[in-house]
Amino acid sequence: MWIPTHQMICEPQRIIAFFLESFCSFLRLSYRGKSWCDCSELHTLSHFVVYEFFYQISCKSRFTIELKTGLIPFLMRSSAITPEMDGAQVTVAGWVHEIRDLGGLIFIVLRDREGFVQITLPKKVVDKDVFKRAKKILRESVIKVEGIVKKEEKAPNGFEIIPKSLDILNESQAPLPLEVTEKVPADLDTRLDNRFMDLRRPKISSIFKIKSQVTKSIRDFLHNQGFIEVQTPKIVATATEGGTELFPISYFEKEAFLNQSPQLYKQILMSAGFEKVYEIGPIFRAEEHNTTRHLNEATSVDIEMSFTDHEGVMQILENLIARVYEDVVTKCEKELEILEIKLEIPDTPFQRITYTEAIELLGNQIPWGEDLDLQALKSLATKIEGIYFITDWPTKIKPFYVMAHEDERISKSFDLMHNYIELASGAQREHRYERLAENIKAKGLSVESFDFYLKAFRYGIPPHAGWGLGLERLIMAMLGLSNIREAMLFPRDRTRVSP
RNA sequence: GCCCGGGUGGUGUAGUCCGGCCCAACAUGUGGGCCUGUCGAGCCCACGCCCCGGGUUCAAAUCCCGGCCCGGGCGCCA
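Residues numbered from 1 in each chain as written. Chains lettered and ligands numbered in written order. Predicted model: local features only at pLDDT ≥ 70, side-chain atom pairs only at ≥ 80, totals over all residues. Heavy atoms only, no water.

(A) Inspection of helix α13 (residues 433–442) at higher detail. Those residues of α13 lying buried are Leu 436, Ala 437 and Ile 440. Viewed along the axis of α13, the buried residues span an arc of 100°, placing them on a single side of the element. Turned more than 90 degrees from where α13 packs its buried face, Glu 434, Lys 441 and Ala 442 sit exposed. Buried residues along α13 sit against α14 (451–454). (Buried < 20%, exposed > 50% of the residue type's maximum accessible area, 1.4 Å probe, protein only. Helix = DSSP H or I, 4+ residues; strand = E, 2+ residues; numbered from the N terminus. Arc of directions from axis to C-beta. Contact = heavy atoms within 4.5 Å.)

Structural data, given as structure tokens:
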């Protein structure tokens, strides 16, 4: 039997590590295939076992072993507790979601990051002070409860916790700025003004847990494909690409702006020989748009890849999207269930339609060479379902860095569409210096102000292609959100800069 | 930026068309009371609201003007 030495007690992290390791392997062996415990729960469960172990040692020996591993040692999450733990002592902490006071019996629904757990206080069973404190508690206060798990069929999830102690870690004020329980709806504006509380609602936090999985999947996928993650500047000197308006900022004695996209920098990195780069970062657009699908600060997923063309990066994009959907379906089951979403993994390759075909499909109402407006895209979405590419756009409506086909009116470009919403846009890039400089002039932009960029094209740059994907657009499309603001923790729009 | 709709307790709505029956209703909430199996607990009592400014009128939440704010649609948008 292993007995902790004094030195080891002084190093609680090492003891924990030791126990986690040994008990995780113990549990893996012992409970393989058992229905009540899957591997994702092992980590939390091992905490529980360690707690029990120390509890037993404390009871049976003359030593009091104090394990201080932060504020609340062996804190358990609601999702890790099961009816099979009947009789075990656990510590839970979280927010008071609801209180149902039946007089001699009080139910507290405690909410933590993982879900809900019912704390039951029968007057005759629990400590008098604990009962009194529970009577006075205000909703959304943060509490810590130590108690015994009790298997109980009448309780939600088949168990409840009978508290030995109940501490109010932080009391909430009343009334609340909005209802976390969703009994009464709140306007988006009210919700965003009180986003900290809005985000306590499982439906809302699920969006961001899924968003986290999406970014993780993107990183995993791109790393596996040999991409390296980069960070490019968000403060830039010149109004780079034209088109969109930029936010001017005060930069000492110089003029500067917030960057609209990492486009020029990721291309420079192709000249640097990085070959495959990606960046997930903020982009800023100073457009006074006021719609449910635009933000003034958004997150862009950008890739740039050498020795390939537009087709090459389109394949990366469709495989990436399919992989992201697959990961969300398999790893965010709980969140999808909370959001009541049945997600279908799109088949690859995605449907491809050229700009010219799209115009024809729309009955040639739009003159060739003009951009597809919202009405046209909405009409197109009634004819093509789900996710699809529109390729080979007219060169003149695409930015200067897009490469043209042999027929120079058409560019090697594509947009990735979900119904009528543009998710991503990409192209093979013009890597030939003379042509690129010509394009810049043709767009009425100054070649001099692009010298920091053009320089990289004079000393050997491979042919390359890339795309930019709007992360919030993707989340919005995937989860069927009606407003892109729902996909941003603290959205920035035409009027909102706070919180 | 344009067009349309809106602003009523902490939150979400009704009332505005057709001024007076509205010192404003309902739900949720909060405070108090009853209640030992709730799970949107129930029952009883109480508390709390007409965006701001100006105008019309005997009388304005309601009509008119201006402002501010919000929502939807469009435009703009590598």
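(B) Focus on the packing of helix α7 (residues 202–224) against helix α9 (residues 310–331). Across the interface, α7 lies against α9 with an axial gap of 9 Å and an inter-helix angle of 135°. Judged by the inter-axis angle, α7 sits oblique to α9. Helix-helix and strand crossings are classified by hand; for α7 and α9 the assignment is right-handed. Here α7 contributes Ile 210, Gln 213, Val 214, Ser 217, Ile 218, Asp 220, Phe 221, Leu 222 and Asn 224 to the contact with α9, which in turn contributes Ile 316, Asn 319, Leu 320, Arg 323, Val 324, Asp 327, Val 328 and Lys 331. For the contact of α7 with α9, the residue count by class is 9 nonpolar, 4 polar and 4 charged. (Axes fitted to C-alpha atoms, helices over the stretch in contact; angles between N-to-C directions. Parallel < 35°, antiparallel > 145°, perpendicular 65-115°, else oblique. Left-handed = near helix turned anticlockwise from the far one by under 90°. Nonpolar A, V, L, I, M, F, W, Y, C, P; charged D, E, K, R; others polar.)

(C) The sheet that holds strand β8 (residues 235–236), seen in detail. The strand order across the open sheet built from 3 strands is β8-β10-β9, with neighbouring strands paired in antiparallel fashion. Looking at strand neighbours, the two that pair on one side only are β8 and β9 (248–251), the edges of this open sheet. Bridge analysis of β8 against strand β10 (residues 254–258) gives 2 bridges, and the strand direction is antiparallel. Counterpart to Val 236 in the pairing with β10 is Phe 257. (Pairing = 2+ DSSP bridges.)

(D) The arrangement of the side chain of Asn 259 in detail. Within the secondary structure, Asn 259 sits in the loop between β10 and α8 (263–271). A polar side-chain atom of Asn 259 sits 3.1 Å from the main-chain carbonyl oxygen of Ser 261. (Polar contact = N/O pair within 3.5 Å; in protein donor to acceptor, adjacent residues only side chain to side chain.)

(E) Inspection of the pattern of salt bridges at higher detail. Considering all chains together, one arrives at 38 salt bridges under this definition. Note that Asp 193 and Arg 496 form a salt bridge whose closest N and O atoms lie 2.9 Å from each other. Remark: Arg 496 occurs in the segment after α15 (471–479) and Asp 193 occurs in helix α5 (residues 188–193); sequence separation between them is 303 residues. Looking at Asp 193, the relative accessible area reads 44%, which means it is partly exposed. (Salt bridge = Lys/Arg side-chain N within 4 Å of Asp/Glu carboxyl O.)

(F) Examining the protein's contact with RNA strand B more closely. If you check the shell around RNA strand B, you find 55 residues, and the closest are Glu 98, Arg 100, Arg 285, His 294 and Lys 378. The sugar-phosphate share of atoms of RNA strand B within 4 Å of the protein amounts to 56%. Within the backbone of Gly 104, one N or O atom sits 3.1 Å away from a phosphate oxygen of RNA strand B. At 2.9 Å from a phosphate oxygen of RNA strand B is found a side-chain nitrogen or oxygen belonging to Lys 183. For the surface near RNA strand B, the secondary structure elements donating two or more residues are β2 (89–101), β3 (105–112), α5 and α12 (374–381). Tallying contributions element by element places β2 first for the surface near RNA strand B, with 3 residues. A breakdown of the residues in the surface near RNA strand B according to their chemical character gives 16 nonpolar, 17 polar and 22 charged. (Near = heavy atom within 4 Å.)

(G) Summary view of a negative patch on the surface. Where like charges cluster on the molecular surface, the negative patch consists of Glu 370, Asp 371, Asp 373 and Glu 422. Checked against the element boundaries, Asp 371 lands in the loop between α11 (355–361) and α12. For Asp 371, a relative accessible area of 48% corresponds to the partly exposed category. (Patch = residues over 30% accessible without salt bridge, like charges linked within 9 Å, V, L, I, M, F, W, Y side chains within 5 Å. Areas by Shrake-Rupley, 256 points an atom, 1.4 Å probe, with all protein chains shown as cover. Lys, Arg positive; Asp, Glu negative; His and termini not counted. Charge placed at Lys NZ, Arg CZ, Asp CG, Glu CD.)

(H) Here's a closer look at the nonpolar core. Counting 53 residues, the largest nonpolar core has Val 214, Trp 467 and Leu 479 as the members making the most contacts within it. The element contributing the most residues to this core is α9, with 9 residues. Those residues in contact with Leu 479 that lie beyond four places of it in its chain are Ile 207, Ile 210, Leu 336, Leu 339 and Ile 341. Counting residues in each nonpolar core, the second largest holds 26 residues, with Ala 80, Val 90, Val 92 and Ile 137 among its members. (Core = buried A, V, L, I, M, F, W, Y, C linked by side-chain atoms within 4.5 Å.)

(I) Structural view of unusual backbone geometry. The omega angle of the peptide bond from Ala 174 to Pro 175 is 0°, so this bond is cis rather than trans. Following the sequence through the fold, Pro 175 ends up in the loop between β6 (159–170) and α5. Omega for the bond connecting Ser 498 with Pro 499 falls within 30 degrees of zero, at -5°, which places this linkage in the cis form. Within the secondary structure, Pro 499 is located in the segment after α15. Backbone geometry at Glu 275 places phi at a positive 65°, although glycine is not the residue there. Position of Glu 275 among the secondary structure elements: in the loop between α8 and β11 (276–284). Of the residues examined, Glu 275 reaches a relative accessible area of 37% and is grouped as partly exposed. Located in the positive-phi region is Asn 419, a residue other than glycine, with phi close to 55°. With respect to the helices and strands, Asn 419 occurs in the loop between β15 (413–418) and β16 (421–428). Taking the relative accessible area as the measure of exposure, Asn 419 reaches 31% and is therefore partly exposed.

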